[in-house]
Amino acid sequence: MAEDSLCRYRSPLVSRYASPDMAYNFSDRKKFSTWRRLWLYLAQASKSLGLAITDEQIQEMAANVDNIDFKMAADEEKRLRHDVMAHVHTFAHCCPKAAGIIHLGATSCYVGDNTDLIVIRDGFNLLLPKLARVIGRLVDFAEKYANLPTLGFTHYQPAQLTTVGKRCCMWIQDLCMDLHNFERARDELRFRGVKGTTGTQASFLQLFEGDHDKVEELDRLVTAMAGFKRAFIVTGQTYSRKVDIEVLSVLASLGASIHKICTDIRLLANLKEIEEPFEKEQIGSSAMAYKRNPMRSERCCSLARHLMILVMDPLQTASVQWLERTLDDSANRRVCLAEAFLTADIILSTLQNISEGLVVYPKVIARRIQQELPFMSTENIIMAMVKAGGNRQDCHEKIRVLSLEAAAVVKEEGGDNDLIERIRADPYFSPIKEQLEALLEPTSFTGRASQQVARFLKEEVHPALIPYQNKMGGKIQLAL
């Protein structure tokens with residue numbers, strides 16, 4: 001690493017965490033080569049509709065799309081104080097024959113906004129297979145542990161039993177909603193297209209001498225060249241900034257899903273029921289050598305919080321776009337759009353790593369069940385006694401007293417829950433002593449959890465993953 005780079009702030013989103021593909025998607029190389037490609041599309045479409053543009057000019061532009069002199073562009077921007085015109089001049093420098101027709105009829109937002117829409121679309125295309133891959137890994141986990149009873153919690157207090165696989169399906173369901181929302185947000189993206197300075201297409205109408213059909217065809221051709229099915233019919237100078245709200249809303253929603261999942265994992269890690277991967281030489285604490293901190297889950301929660309709050313930027317930006325546009329959106333959007341996709345990329349990669357190495361401790365889970373199940377089984381015991389001829393109210397009072405005694409042992413003496421031993425020792429319950437073991441079988445307390453797992457994965461999850469099956473291989477090994 002060059003020494004001078006150590007003396008400047010670098011966003012950890014790129015320097016420490018993000019994938020190379022997502023980092024490139026928001027790079028200057030991608031941005032400015034896309035600007036040039038859009039200028040090329042505009043020239044090609046204009047030529048096909050009769051403007052005086054030569055094949056030689058088109059070929060010259062095509063040959064220099066990636067031939068960007070970034071130093072010249074920086075010098076030009078410093079001189080002109082205008083980033084688009086700086087790149088027009090830089091492109092023209094290496095395309096002298098085409099210099100006169102580059103950016104013809106366009107406004108800065110022709111390249112700026114259209115490039116943003118391309119980058120957003122490509123960002124979703126990078127995230128969707130990653131999200132599907134995470135879901136796929138969790139599906140494997142849910143299937144493996146579909147039948148393993150575990151203590152459920154409401155209010156983080158012991159509640160009725162569920163299964164480890166059923167709990168995982170709750171995570172999967174949230175992520176499947178995110179997958180659907182990502183697909184919808186991507187597929188509903190519309191191109192800004194060729195609209196001119198205030199969205200009226202006046203400059204292009206002048207170029208085509210009042211021919212409205214050619215102006216509309218120009219818009220359609222450039223939209224298709226950029227890989228979009230539709231363009232906005234109406235824009236100001238920019239596309240509506242409500243699009244950015246929609247984009248960051250679905251990304252923020254993913255952040256909420258992953259924060260919940262990783263919080264659950266952190267809580268379960270504290271109970272020693274489930275742990276995230278922990279490498280052989282990994283150190284949990286510089287002072288406490290025994291510690292196994294859930295650092296991956298903590299990283300996801302930390303970054304997910306950042307992702308969730310980013311949606312506030314486009315909400316406020318859209319609300320203050322005066323009339324046809326104001327430039328106070330620009331600097332804000334440079335930050336929030338890139339950071340949202342980079343952060344989503346990071347937490348998906350980290351969650352994939354977690355889901356590929358989750359460790360379950362069935363004996364710890366079973367022990368915790370045994371600590372709580374006696375209390376939960378009391379209703380079943382009462383019903384069994386009634387069937388054996390007992391009185392419901394008498395039985396309820398007997399169990400209430402014994403339960404309080406057992407609870408005192410647990411809470412005041414730190415002992416094990418001995419309620420069942422107390423019931424066995426009480427002559428009143430002699431008619432059902434042989435049934436007690438069956439009444440305490442954990443699987444009899446999980447209801448339809450196993451069946452719900454099987455049906456949910458078959459009917460809702462597997463069909464959603466079909467489009468991504470060829471991209472769901474490959475494991476994630478985190479470098480940091």
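For the structure itself, look to the data block above.
These figures come from a predicted structure and were not determined experimentally.

(A) Broad picture of the pattern of salt bridges. Within this structure, the stated rule accounts for 27 salt bridges. Here Arg422 makes a salt bridge to Glu405, at a shortest N to O gap of 3.1 Å. In this pair, Arg422 sits in helix 18 (residues 419–425) while Glu405 sits in helix 17 (residues 392–413), placing the two residues 17 residues apart along the sequence. Of the residues examined, Arg422 reaches a relative accessible area of 26% and is grouped as partly exposed. Salt bridges sharing common partners tie together Asp113, Arg241, Arg325 and Asp329.

(B) Up close: the state of the cysteines. A full pass over the atoms with the stated rule returns zero disulfides. Cys95 provides the cysteine sulfur closest to Cys94, a residue in no disulfide bond, and the two sulfurs are 4.3 Å apart. Free of any disulfide, Cys336 has its nearest cysteine sulfur in Cys109, 15 Å distant. You can call Cys336 buried: its relative accessible area is 2%.

(C) Structural detail: unusual backbone geometry. Despite not being glycine, His103 shows a phi value in the positive range, around 70 degrees. Here His103 shows up in the loop between helix 6 (83–94) and helix 7 (108–144). Residue class for His103 comes out buried when judged on its relative accessible area of 13%. Unlike most non-glycine residues, His155 shows phi in positive territory, near 60 degrees. Position of His155 relative to the elements: it lies in the loop between strand 1 (149–154) and strand 2 (157–163). Overall, His155 belongs to the exposed group, its relative accessible area being 77%.

(D) Representation of the nonpolar core in the model. Ranked by internal contacts, the top residues of the largest apolar core, which has 133 residues, are Trp39, Met61, Tyr110, Ile135, Ile172, Leu175 and Leu251. Ranked by residues supplied to this core, first place goes to helix 7 with 16 residues. When near neighbours in sequence (up to four residues on either side) are disregarded, Trp39 contacts Met61, Val84, His87, Val88, Phe91, Ile102, His103, Tyr110 and Val111.

(E) The arrangement of the packing of helix 3 (residues 28–48) against helix 7 in detail. Between helix 3 and helix 7, whose axes approach to 9 Å, the crossing angle comes to 115 degrees. The handedness of the crossing between helix 3 and helix 7 is right-handed. Seen from helix 3, the contacting residues are Lys30, Lys31, Thr34, Trp35, Leu38, Trp39, Tyr41 and Leu42; seen from helix 7, they are Tyr110, Val111, Gly112, Asn114, Thr115, Ile118, Val119 and Asp122. Here the residues of the contact of helix 3 with helix 7 sort into nine nonpolar, four polar and three charged.

(F) Main features of a nonpolar patch on the surface. Taken together, the side chains of Val320, Trp322 and Leu323 make up a nonpolar region of the molecular surface, amounting to roughly 390 Å² of accessible area. Structurally, the position occupied by Val320 is in the loop between helix 13 (312–319) and helix 14 (330–355). Residue Val320 is classed as partly exposed on the basis of its relative accessible area, which comes to 32%.

(G) Broad picture of helix 4 (residues 55–63). Within the sequence span of helix 4, burial applies to Gln57, Ile58, Glu60 and Met61. Looking straight down helix 4, one finds its buried side chains confined to an arc of 160 degrees; they lie on one side. Across helix 4 from its buried face, at more than 90 degrees, point the exposed residues Gln59 and Ala63. The elements touched by buried residues of helix 4 are helix 3 and helix 6.

Parameters and conventions
Residues numbered from 1 in each chain as written. Predicted model: local features only at pLDDT ≥ 70, side-chain atom pairs only at ≥ 80, totals over all residues. Heavy atoms only, no water. Salt bridge = Lys/Arg side-chain N within 4 Å of Asp/Glu carboxyl O. Helix = DSSP H or I, 4+ residues; strand = E, 2+ residues; numbered from the N terminus. Buried < 20%, exposed > 50% of the residue type's maximum accessible area, 1.4 Å probe, protein only. Disulfide = S-S within 2.5 Å. Core = buried A, V, L, I, M, F, W, Y, C linked by side-chain atoms within 4.5 Å. Contact = heavy atoms within 4.5 Å. Axes fitted to C-alpha atoms, helices over the stretch in contact; angles between N-to-C directions. Left-handed = near helix turned anticlockwise from the far one by under 90°. Nonpolar A, V, L, I, M, F, W, Y, C, P; charged D, E, K, R; others polar. Patch = residues over 30% accessible without salt bridge, like charges linked within 9 Å, V, L, I, M, F, W, Y side chains within 5 Å. Areas by Shrake-Rupley, 256 points an atom, 1.4 Å probe, with all protein chains shown as cover. Arc of directions from axis to C-beta.

Geometry only, nothing functional implied.
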